[in-house]
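# Structure assessment
Listed here are the chains, written in short residue letters.
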Amino acid sequence: MTAQFAHRHLLGIEGLSEHDITALLDLAEEAVEVSRQVEKKKTTLKGRTLINLFYENSTRTRTSFSLATRRLGGDTIDFTAVGSSVSKGESFIDTAKNIEAMGIDAVVVRHTTPGTPQLLAQHLGVSVINAGDGPHEHPTQGLLDILSIRERCGRIAGLTVALVGDIMYSRTARSNIWGLKKLGAHVILCGPSTLVSQQWQEIGVEVAHNLDEILPRCDVVNLLRIQFERQATRPFPSVREYALLYTMNGERLERAKNNILILAPGPINRGVEVTPEVADGPHSAILEQVNNGVAVRMAVLWQLLGQ
Amino acid sequence: MKRLLIQHGRVIDPASRLDRVMNLLVIDGRIAAYDAHPSPHDELIDATGKIVCPGLIDMHVHLREPGREEDETIYTGTAAALAGGFTAVACMPNTEPPLDTQATVEFIQHQAERANHCHVYVIACVSKNREGKELAELGQLVQAGAVGFSDDGAPVYDAELMRRAFEYALMFDKPILNHEEVRELTHGGVMHEGLVSLLLGLPGMPACAEEVMISRDIALAETTGGKLHVLHVSTAGSVELIRQAKARGIRVTTEICPHHFTLTDDNLRTFDANYKMSPPLRARHDIEACLAGLVDGTIEVICTDHAPHAPEKKMRELDQAPFGILGLETCLPLVITHLIEPGILDWPTALAKLTCNPARILNIPKGTLAIGADADITIIDPDVHWTYDVHQSRSRSRNSPYHGWEFRGRAEKVIVMGQVKYRWNG
């Protein structure tokens, strides 16, 4: 645990350097080893309390953060907006300040609005960890995806990684893009033209709308969920048509590289982004991603709070 | 007889094409003579090294009263106007209730008289209750003193209503001032749609949302012969549409706010709600097009869209924070520092956009230092270096992205009807 990490918060991957990302991934690999041991619990965060401040539904991310905190010996408290003072009209900042006044050490925040972790970081004295802010970033998801790629492929630099699906509304995509680019991968964004803007090319990523054309070049395909709940208007004619053009199925898998890696940050819509035969097949790292999620979050907490 | 002699200033009056160092004599609230010599009864102001110009006019402010006095009142808003060098403002009607009756227009005028700071002109509603369904009683509003019509805060959405507004307002020779925005294209948007909104995952407001509505209004103005004033223009496409319409002889004018030529959508990377405004901060190429529009005269007015919001409202999540920023106290310094100092506009051209041009569009007897005119005068120190501290603002609100900015130049003294209403103490 000697890696240097000069940040007080984890607000996104865009603000991290290649060195920062590598340090977190290295630390996460150590955490993976901890998780494999019979005695999983450490004392790094003993006496520390972390609050999960969730303004948007989540099961796996919140559970993953809680598990990561407990494995490091810390305590967690869950705060959900439903049924709280938020429904009595209290502002987001006042709610957070009140919770901070109770003596917590870090806030894990999920919110529907981009920028809310930055807002908290400006007003609170404790560390803020972004667990997803609208379609902006989901840094720990990005890190765990990249960790899963590095584990299977042994490297990131030089790989061609396609992010397929709803790029427009995906916070996972925005974290993946920054992380993969900083580590030297070639990133292709693929999906309907209404969800994948040509403007992405301005930051040096490739934009494609035809999955079958790019598939033979890809080392990794990361299938992103269609974020129906965030879309103001339906960006494609029907789910059936989307599935026809973009579902990762057995037939497409046959045309891909032999060792292609399939990722899908859950929850997945089986039959829409990916068929069961692919999701449950040998190329898939979907369950490894979940396990790596706990390890990545342990690494982040270790860096921010364990010093 | 009250006499005031302003000595040795560089007097710039674009309306009279006047630009020379001289003395300016004011008697009983009116401009009385140029090059006058002091007499024993004169109150003297030494303006050596200063610029003496007609009192600045801001034709687009929100004073929030009645209804939202926690954000601003006519007293505090006009105090901020004076501190910014303005001797007259025109306030928009999106108050609560909106300014759609004689009574509400007269209320504004009475409050302005009580405040006794600067002149306040009223832009009244186009439609009853700003609902965009029926024309407000424009004739009665004119009788009450309205100088133009707008449903600002929102566009006049119904094309048929807009057409009738143009036609009906012709009887009174008043402009229709429209907030140009197709809301189906901006629904939920918090910033300009472009690369930055894409990277931040924030819903965008595309430039075409402004341009489509301007195209419609130009067509309606052409059809009716009405006077269209495009509020707060912000995109390259909009500037070009207006330029072409003017060339065809259509009666269209426009204005720009300093934030639309000094800030870009890139500022939203901070997620600071003080950069959230409507129309939004645009991309670099839009700014360049707007500057070209200022230079060639397509954009003839600089205004502030002064939009105060109490701190608790701006300190919200970005999608819940309201649009808009303070503008009155930073407008002139921004013009000096970012337009005049770099040589984009010269003093007379810049001052025309802050004095006689808005007066002409609203047809108000202001914006000149001609002999006999009201002695509304702004004395500007063009050389002073200073730092803007929003906490010192006269406004009731604090929502400015310019806090901590260093400026060159500012209003030093502001004279309304011959009375010194504001002195900067440094």
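As a starting point, this report considers the structure included with it. (Residues numbered from 1 in each chain as written. Chains lettered and ligands numbered in written order. Predicted model: local features only at pLDDT ≥ 70, side-chain atom pairs only at ≥ 80, totals over all residues. Heavy atoms only, no water.)

## Looking at the sheet that holds strand β5 (residues 160-164) of chain A
Whenever strands of a sheet pair, they do so through backbone hydrogen bonds, lying parallel or antiparallel. Residues and elements named next belong to chain A. For clarity, the threshold we go by: Following DSSP output, two strands are said to pair if at least two bridges run between them. Secondary structure elements follow DSSP: runs of H or I no shorter than four residues count as helices, runs of E no shorter than two count as strands, and numbering proceeds from the N terminus. Angles run from 0 to 180 degrees between N-to-C directions of axes, and those axes are lines fitted to C-alpha atoms, restricted for helices to the stretch in contact. When checking whether two residues touch, look at their non-hydrogen atoms; a contact exists if any pair is within 4.5 Å.
An order of β7-β6-β5-β8-β9 is seen for the five strands of this open sheet, with the pairing classed as parallel. Whereas interior strands pair on both sides, the edge strands pair on one side only; in this sheet they are β7 (206-208) and β9 (261-263). Each strand of the sheet is rotated relative to its neighbour by a mean of 20°, with strand direction disregarded. The sheet contact formed by strand β8 (residues 220-223) and β9 spans three bridges and is parallel. Bridged to Val221 within β9 is Ile262. Of the strands in this sheet, β5, β8 and β9 touch helix α5 (residues 139-153), which is tilted by about 160° from β9.

## A word on the side chain of Glu72 of chain B
Residue and element names in this part refer to chain B. Our working rule: Throughout this description, buried means an accessible area under 20% of the type-specific maximum (1.4 Å probe, protein chains only), exposed means over 50%, and partly exposed covers the range between. Note that His is not counted, nor are the chain ends; the positive residues are Lys and Arg, and the negative ones are Asp and Glu. By salt bridge we mean one thing: a side-chain nitrogen of Lys or Arg within 4 Å of a carboxyl oxygen of Asp or Glu. A 3.5 Å cut-off defines polar contacts: any pair of N or O atoms within that distance qualifies, except that in protein one atom must be a possible hydrogen donor and the other a possible acceptor, and neighbouring residues in sequence count only when both atoms are side-chain atoms.
Here Glu72 is to be found in the loop between β6 (56-61) and α1 (74-83). The side chain of Glu72 is buried and forms no salt bridge, while Arg396, the nearest opposite charge, is found at 6.2 Å. Of note is the side chain of Glu72, whose polar atom sits 2.5 Å from the side chain of Thr76. Among the polar contacts made by the side chain of Glu72, one reaches the side chain of Ser395 at a distance of 2.8 Å.

## Brief notes about the pattern of salt bridges
All told, the structure shown has 41 salt bridges over all chains when counted by the stated rule. The closest approach of N and O atoms between Asp78 of chain A and Arg62 of chain A, which form a salt bridge, is 3.7 Å. Here Asp78 of chain A is found in strand β2 (residues 75-80), whereas its partner Arg62 of chain A is found in helix α2 (residues 60-71), with 16 residues between them in sequence. Taking the shortest distance from any N to any O, the salt bridge between Arg10 of chain B and Asp19 of chain B comes out at 2.9 Å. Under the relative-accessibility criterion, Arg10 of chain B is labelled partly exposed at 30%. Each of Asp212, Glu251, Arg252 and Arg255 of chain A takes part in one network of salt bridges that share partners.

## Here we look at the interface of chain B and chain A
Where interface size is given, it is often the accessible area lost as the parts come together that is meant. For the record, the criterion: By buried area we mean how much accessible surface two parts lose on assembly, using a 1.4 Å probe and totalling the loss over both. All residues other than Ala, Val, Leu, Ile, Met, Phe, Trp, Tyr, Cys, Pro, Asp, Glu, Lys and Arg, Gly among them, are scored as polar; the first ten of these are nonpolar and the last four charged.
At the interface, 15 residues of chain B touch 23 residues of chain A. Between chain B and chain A, roughly 1700 Å² of surface is buried when both sides are summed, and carbon and sulfur atoms account for 65% of that area. Linking chain B with chain A are one salt bridge, by the criterion used here. Of the charged contacts, one joins Arg269 of chain B and Glu14 of chain A as a salt bridge, the two residues approaching to 3.1 Å between their closest N and O atoms. Where chain B touches chain A, the interface holds four residue pairs in polar contact (both at pLDDT 80 or more). Each residue belonging to the side of chain B that touches chain A can be placed in one class, and the counts come to eight nonpolar, three polar and four charged.

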